[in-house]
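# Structure assessment
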Amino acid sequence: MRVISGYLKGRELLGYNVETTRPTMSRVKESMFASIQNYIDDSIILDLFCGTGSLGIEALSIGASRCYFVDNNKEILRYLNKNINNLDINSKSIIVSKDYRDSLLYFKNNNIKFNIVLVDAPYKMEVMEEVIELVTKYDLLLDKGILLLEYSFDKLKDKYNNLELIKSKKYSDKYVNIYRKIID
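Residues numbered from 1 in each chain as written. Predicted model: local features only at pLDDT ≥ 70, side-chain atom pairs only at ≥ 80, totals over all residues. Heavy atoms only, no water.

## Things to note about the packing of aromatic side chains
The full count for this structure, using the stated rule, is seven aromatic pairs. On the numbers, 5.5 Å between centres and 85° between planes, the contact of Y68 with F114 is edge-to-face. A residue pair is termed long-range when its members are at least 10 positions apart, and Y68 in strand β2 (residues 66-70) and F114 in strand β4 (residues 114-119) qualify at 46 residues. Each member of the pair, Y68 as well as F114, is classed as buried. Feature note: the residues Y68, Y106, F107 and F114 constitute an aromatic cluster, connected by ring pairs. Residue placement shows K82 over the ring face of Y79; its charged tip is 5.4 Å from the ring centre. (Phe/Tyr/Trp six-rings, centres within 6.5 Å; stacked < 30°, edge-to-face > 60°. Helix = DSSP H or I, 4+ residues; strand = E, 2+ residues; numbered from the N terminus. Buried < 20%, exposed > 50% of the residue type's maximum accessible area, 1.4 Å probe, protein only. Lys NZ or Arg CZ within 6 Å of the ring centre and 35° of its normal.)

## Brief notes about the pattern of salt bridges
By the definition in use, this model includes five salt bridges. One salt bridge in this structure joins E58 and K29, with 3.4 Å as the shortest N-O distance. One end of the pair, E58, is in helix α2 (residues 54-61); the other, K29, is in helix α1 (residues 26-40), and 29 residues separate them in sequence. The exposure classification of E58 matches that of K29, with both residues buried. In this structure, K181 and D139 form a salt bridge, with 2.8 Å as the shortest nitrogen-oxygen distance. Pair noted here: K181 is in strand β8 (residues 174-181) and D139 is in the loop between α5 (128-137) and β5 (141-151), with a separation of 42 residues, a long-range link. (Salt bridge = Lys/Arg side-chain N within 4 Å of Asp/Glu carboxyl O.)

## Regarding the sheet that holds β2
The strand order across the open sheet built from eight strands is β3-β2-β1-β4-β5-β8-β7-β6, with neighbouring strands paired in mixed fashion. Of all strands in the sheet, those bounded by a partner on one side alone are β3 (93-96) and β6 (159-160). Summarising the sheet, β6 and strand β7 (residues 163-171) pair through two bridges and their orientation is antiparallel. Bridging across to β7, Y160 finds its partner in L163. (Pairing = 2+ DSSP bridges.)

As structure tokens, then:
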């Protein structure tokens, strides 16, 4: 697997073939990032369930200023660390080794907010509605912030609290929904 765009384009990412990972297909990743391209420059990113960091690294490659990578799988985090070191993006990367609930609470308690939250949970975990609920309850998105979800099981609504669906697309057995925070 490789970075598909930006200044790191073509650079190899390690760990895509580890049994517990399920990397986003390149064409899906390319389409996802084309959809949010206008929101990425100088943004603060949260890559929740980051795995080896493919989505967050892609965001950094095309102009994000910082990415928080969250996962609690120690083996996968070793690959993430190698990817960050190999790509020399340490100064832009923060690794949080916690489960998603604990990490979202940590961000709330430390008043850390994001321009973009990327969520690609393991497909066997039907957690998207809970993640949406926690992101909105903890007010983790900055004004006009984006929540991007890649999922297969959950049936998601068009609106959640202050989040409104701006794009939805199906790729084979996967869905990508993009929500934007509404400003009152």
